[in-house]
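Secondary and tertiary structure notes
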Amino acid sequence: MAKLAFLGLGVMGYPMAGHLAVAGHDVTVYNRTAEKAEKWVAQHGGSSAATPREAAAGAEFILACVGNDDDLRSVCLGEDGAFAGMDQGATFVDHTTVSAAVTAELHAAAGEAGLHFVDAPVSGGQAGAENGQLSIMCGGDEASYDAAAPIIQTYAKLCRRIGASGAGQMTKMCNQIAIAGLVQGLSEALHFAEKAGLDGRAVVEVISQGAAGSWQMANRYETMLDDKFEHGFAVDWMRKDLGICLKTADENGASLPVTALVDQFYKDVQKMGGRRWDTSSLFKRLRNLG
């Protein structure tokens, strides 16, 4: 068993760190709100630390799942950052969805300090984190990934190195691009069914068994029809991710017309008061249009 640190105990990080403790690892946690870290320790054992640096001291692997680029920099860099407390040769694994630019920055900073850095964003949402069934896409040096993989697989149904540093984040962008189009397509299909006077549940029962079937359809159509949008990844976070996708597309020349359009639809949802609704709330937007 390994000595680990986990930084960030949000809806994803809290259960992910819990799986590590259940697996028998010695886990020290850090959270910006100390009460959350204390709650985790009361539930899972281990210990909490006042700063990322203290959490990282003596750990073989430091794992993080925070909010955005700035949050990630704050837990990695500076006098109280994890990099300042990590032993030479230790590995930092970043599960946050962030830009490829900050990944390149931190990978370089880690290398200069004699540390390893793996970008490892996740897909599967809160349920995937709680059930240990996340899909994890990784970038980084092959040796660094090979060392970290047994730890990461504790809460994964699939964990794969895609390529060099940044490849994990680029793959997560592909994931979010695909999801944006899928959710909008499903929303439009259900909206069309309602306008045509059809039973949406009966429609999905049939079309889900053919080429139109998807995870989104199987797991979200009922809550969408029931006007319930408290079951997944929040609109605010999706807009953050799509912003990263669109900025990166501007840089690499990719054309993302559907993604850009759906991003604006999510902006409409935010204006409706749905910042914390899950991404399937695109359907509610269509309903509100009449």
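The present account deals with the structure reproduced in this document. Sequence order sets the numbering: in each chain, residues are counted from 1 along the sequence as written. Only residues with pLDDT of at least 70 are given local features in this predicted model, and only at 80 or more are side-chain atom pairs given and counted; all residues enter the totals for whole chains, interfaces and linings. The basis for every side-chain value is the complete set of non-hydrogen atoms in the structure, without hydrogens or water.

Convention adopted: a line fitted to C-alpha atoms gives each axis, helices being fitted over their contacting stretch, and angles between N-to-C directions are expressed from 0 to 180 degrees. To qualify as a helix, a DSSP run of H or I must reach at least 4 residues; to qualify as a strand, a run of E must reach at least 2; elements of each kind are numbered from the N terminus. The N-to-C vectors of helix 9 (residues 167–195) and helix 13 (residues 257–271) enclose an angle of 65°; their axes lie 9 Å apart at closest approach. You can see that helix 9 and helix 13 cross each other, and the crossing is left-handed. Taking contact as the criterion, the partners of Ile 177, Ala 180, Gly 181, Val 183 and Gln 184 in helix 9 are, on helix 13, Val 258, Thr 259, Val 262, Phe 265 and Tyr 266. Each crossing gets its hand from how the near helix is turned against the far one by less than a right angle, where anticlockwise is left-handed and clockwise is right-handed. When checking whether two residues touch, look at their non-hydrogen atoms; a contact exists if any pair is within 4.5 Å.

Residues belong to one nonpolar core when they are buried, are Ala, Val, Leu, Ile, Met, Phe, Trp, Tyr or Cys, and are joined through side-chain atoms within 4.5 Å. Per-residue accessibility, obtained with a 1.4 Å probe over protein chains only, is compared with the maximum for each type, and a residue is labelled buried under 20%, exposed over 50%, and partly exposed between these values. Counting 33 residues, the largest nonpolar core has Phe 6, Leu 63, Ile 136 and Tyr 155 as its most contacted members. For this core, the secondary-structure elements that each account for two or more residues are strand 1 (3–7), helix 1 (13–22), strand 2 (26–30), helix 2 (34–44), strand 4 (61–64), strand 8 (134–139), helix 8 (142–152) and strand 9 (156–163). For Leu 63, the residues in contact, after removing those within four places along its chain, are Leu 4, Ala 5, Phe 6, Leu 7, Leu 20, Val 93, His 95, Ile 151 and Tyr 155. Formed by 23 residues, the second largest nonpolar core is a distinct cluster that contains Ala 49, Ala 64, Val 98 and Leu 115.

The phi dihedral of Asp 227 is positive, around 60°, even though this residue is not glycine. With respect to the secondary-structure elements, Asp 227 resides in the loop between helix 11 (215–225) and helix 12 (235–252). In this structure Asp 227 comes out as partly exposed when scored by relative accessible area, which is 35%.

Shape descriptors only; they carry no functional weight alone.
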